[in-house]
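Now for the letters of each chain:
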Amino acid sequence: MASLLSYLVRRILFAIPVFLTVSVITFLITNAVIDPVAIVRLGIKNATPQQIAALKAYFHVDQPVYIRYFYWLSDFVRGDLGRSLYTGTVAQKVLPWIWTTLELQIPALLLSLGIGIPVGIYSAKHQYSKGDVAVTTTAIFGVSMPTFWLGIMLIILFALDLRWLPAFGALSISPPYIGGNIITDALAHAFLPIVVLTFVSLASIVRLVRANMLDALRQDYVLAARASGVPESRVTYRHALKNAITPVITVVGLSFGTLLGGAPALETTFSWPGLGYEFVQAANNLDLPIIIAITMIITIMVLIANIGTDVVYAYMDPRVRL
Amino acid sequence: MSQGAKPVRRRAAGQWAVAWRRFRKNKSGLAGVAIVGAFLILALYGIFAAPYPARSFACLYQGCTNLPPFVNWAHPLGTEPSGIDVWSEIAHGASGDLYVGVTATLISVIIGIVVGAIAGYRGGAAGALLLGLTQVFFVIPILVVILLFAKIFLFLVAAGLGLNLIVFALAIFGWPVIAFIARGEILRIRELEFVQASQALGASNTRILFRHIVPNMLSPIIVIASLAIAGNILTEVVISFLGFGDPSASTWGLLLDDGFQYVRSSWWVSFFPGIAVVLCVLGFNLLGDGLSDALNPRLRE
């Protein structure tokens, strides 16, 4: 327990320079190369004096660049994310978006793991069978597909043509709700985007599980277990799977970044008001405080996910010393 | 030597010949080569022989807007309500997307090999710095930062940089992975006997590095590069789809953006370019998988 704690502390300490580097990159991109005020003037025609003033205050533009950065960083660390150039404070606006994004991503992740692991095991156990060929073919198409394009296709088929499901937004704007109440309405709106996200991440999980299972089933310890009369199901699920699953955990943990940041196009096609969609909106409006906040929040969540992954990994794999 | 029987000089099969022999038997790898080849031809067709120029609204003036596919053979895949011919634009998009995917990957491979080679061979502070840097790049939400980059520097696109801005952005965020792999390979290879032998013979560091080590670490990098082209094309499609790319250059993402605007009236404008993206990315993925099987015999039974 003590070793786990010290490991956690070390990982968190290591995450700090990473966080700072990302913050410098984000800050420099939005700031140093050109005057942020000029960026806004270039992008927002008729930028109001209030917007310019808000931006000057947010970036402390009267200071030299490195001082600006420290002012900005100290504001950020103290939770002062500034004000949107349009309405409201950044913190108030961004928090609900995180929730809306997770509303899609968490069910999709759980579903794709729940389906992907058994299918991957099946595929590895029956290598080159018809079922395996079907699975691997579907999976390689899945990893070659732009997520949002699959979304558009499903919108055309199920929302516009068959009219079974709504195409846009997270909730009906006003009653009548689909299915009579707000919960079924939310489910109906979330259904298609979750299906798309599940399919695409399912494809990569199946490929990963299959490859690792094939590798594990070829190892000597599997042969030894079989030779000593361990039942095949126990060989598969205890001996092979236990070793095949750790890389899967690593990859899923590392993909948390794409999970949060990778959805802008999909969220845009479904007008789903999550972090990705709002990031695109804010970028189009050059709402710099919001853009920076979203980038940094995603970075922080990725860092947390990475630390979590490493801890789980260390727990599952006794060879990793804490 | 008797008459007629020419002296047969058989060179010992090199690693590349062995790999090719293995690759030749791999059906999905060959399918990948065929698909990639077909898209190269499509790109050339787009540049030299497409019926309409890039982003041309010519059909508007010919009165054939919003045509469904397979109706009028002058426009096999239909036209947009705005008058863009879908087939012609897919061909132009092929050259745009292949250009972005291949160039960005090439640049990141070159930077990655040089940085990874120096860090791996020299070790020390450079190695530590590189390791730290790759850690940062693994954590950066790359797509978001690239979108941000593309948006802030959008004025450079109009100033003549065009698609090169995206190439540049993809290369900046693509090289660390290559460098990381290159460094690992070098750490492995520099301990091998032939390297120590040439050290003993007094070869210079540069010669050892670029004559002996780099050629031997190419095979994992070729595999990664093929998969990276696929990934870069997918990212490019997302960037242009969201309107962060070059609005005057033809890419599949931009065409899909048109398609999404006309989603209620004209399904074909988003269907066909999407198929092109899937097939092209599939081609590079199959190629990468095939190369991986052929170049890493360890993974084979």
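How each quantity is defined
Residues numbered from 1 in each chain as written. Chains lettered and ligands numbered in written order. Predicted model: local features only at pLDDT ≥ 70, side-chain atom pairs only at ≥ 80, totals over all residues. Helix = DSSP H or I, 4+ residues; strand = E, 2+ residues; numbered from the N terminus. Buried ≥ 20, exposed ≤ 12 C-beta atoms within 10 Å, placed from the backbone. Contact = placed C-beta atoms within 7 Å. Core = buried A, V, L, I, M, F, W, Y, C linked by C-beta atoms within 7 Å. pLDDT = per-residue confidence, 0-100. Axes fitted to C-alpha atoms, helices over the stretch in contact; angles between N-to-C directions. Parallel < 35°, antiparallel > 145°, perpendicular 65-115°, else oblique. Left-handed = near helix turned anticlockwise from the far one by under 90°. Nonpolar A, V, L, I, M, F, W, Y, C, P; charged D, E, K, R; others polar.

All right, on to the overall build of chain B then. A tally of helices and strands in chain B yields 13 helices and zero strands. Viewed in the frame of its principal axes, chain B has a C-alpha envelope of about 75 × 65 × 35 Å. For chain B, with 301 residues in total, the buried portion stands at 47%. The contacts in chain B between residues at least 6 apart in sequence include a share of 73% that link residues at least 24 apart.

Turning next to the overall build of chain A. The number of helices and strands found in chain A is 14 helices and zero strands. When the helices and strands of chain A are placed in sequence order, the string is α-α-α-α-α-α-α-α-α-α-α-α-α-α. Projected onto its principal axes, the C-alpha positions of chain A cover 80 × 55 × 35 Å. Going through the 322 residues of chain A one by one, you find that 39% of them count as buried.

Let's shift gears to the nonpolar core. Ranked by size, the top nonpolar core spans 162 residues in total, and within it I291 and I294 of chain A together with I146, L147, A150, I166 and V238 of chain B carry the most contacts. Ranked by the residues each element gives to this core, the list is headed by helix α8 (residues 182-217) of chain A, at 15 residues. Beyond its immediate sequence surroundings of up to four residues, I146 of chain B is in contact with A169, L170, F173, T235 and I239 of chain B.

So, about the confidence of the model for chain B. All names here are of chain B. Residues of chain B with pLDDT of at least 70 account for 94%, and the chain-wide mean is 85. When mean pLDDT is taken per element in chain B, helix α12 (residues 252-261) scores highest with 94 and helix α5 (residues 124-139) scores lowest with 77. Per the prediction output, this complex has pTM 0.89; the corresponding ipTM is 0.88.

The subject of this paragraph is the environment of A126 of chain B. Residues and elements named next belong to chain B. Among the structural elements, A126 can be located in helix α5. Assessed through the 15 C-beta atoms surrounding it within 10 Å, A126 is described here as partly exposed. Between the alpha carbons of A126 and A179 there is a distance of 12 Å; along the sequence they are 53 residues apart. Every residue in contact with A126, bar those within four places of it in the chain, is listed here: I118 and A119.

Attention now moves to the packing of helix α5 (residues 90-125) of chain A against helix α14 (residues 288-316) of chain A. Residue and element names in this part refer to chain A. It is the contact of α5 with α14, at a shortest axis distance of 10 Å, that shows an interaxial angle of 45 degrees. By the criterion of interaxial angle, the relationship of α5 to α14 is oblique. Two packed elements cross with a definite hand, and for α5 against α14 that hand is right-handed. Contacts between α5 and α14 involve V90, K93, V94 and I98 from the first element and P289, I290, A293, I294 and I297 from the second. Residues belonging to the contact of α5 with α14 are distributed by class as follows: eight nonpolar, no polar and one charged.

Residues and elements named next belong to chain A. The backbone of S271 sits at a positive phi, close to 45 degrees, despite the residue not being glycine. Structurally, S271 is set in the loop between α12 (264-269) and α13 (275-284). Judged by local crowding, S271 falls into the exposed class, with 12 C-beta atoms found within 10 Å. One non-glycine residue with positive phi stands out, namely L286, at about 50 degrees. Position of L286 relative to the elements: it lies in the loop between α13 and α14. C-beta crowding within 10 Å serves as the criterion here: with 23 such atoms nearby, L286 is assigned to the buried category.

With that settled, the discussion passes to the interface of chain B and chain A. Contact residues are listed per partner, giving 34 residues for chain B and 41 residues for chain A. Taken together, the residues of the side of chain B that touches chain A break down into 28 nonpolar, four polar and two charged.

All right, on to the confidence of the model for chain A then. Of the residues in chain A, 94% reach a pLDDT of 70 or more, and the chain-wide mean stands at 85. Summarising per-element confidence for chain A, the mean pLDDT is lowest in helix α11 (residues 256-261) of chain A (64) and highest in helix α6 (residues 130-143) of chain A (93).

Relative to the helices and strands, I44 of chain A is located in the loop between α2 (36-43) and α3 (49-59). Apart from residues no more than four positions distant in its own chain, I44 of chain A is found in contact with N285 and L286 of chain A.

Before going further, it helps to spend a moment on the packing of helix α9 (residues 220-227) of chain A against helix α10 (residues 232-254) of chain A. Residue and element names in this part refer to chain A. Remark: α9 packs on α10, axes separated minimally by 10 Å, with the N-to-C direction vectors making an angle of 145 degrees. Crossing of α9 over α10 shows right-handed handedness. On α10, the residues touching Y221, V222, A225 and R226 of α9 are V235, H239 and A240. Here the residues of the contact of α9 with α10 sort into five nonpolar, one polar and one charged.

As a further point, take the environment of T79 of chain B. All names here are of chain B. With respect to the helices and strands, the residue T79 is situated in the loop between α3 (58-62) and α4 (86-122). When the C-alpha atoms of T79 and L60 are compared, they prove to be 9.4 Å apart, with 19 residues separating the residues in sequence. Not counting residues within four places of it along the chain, the set of residues in contact with T79 comprises C59, C64, T65, N66, L67, I84, D85 and V86.

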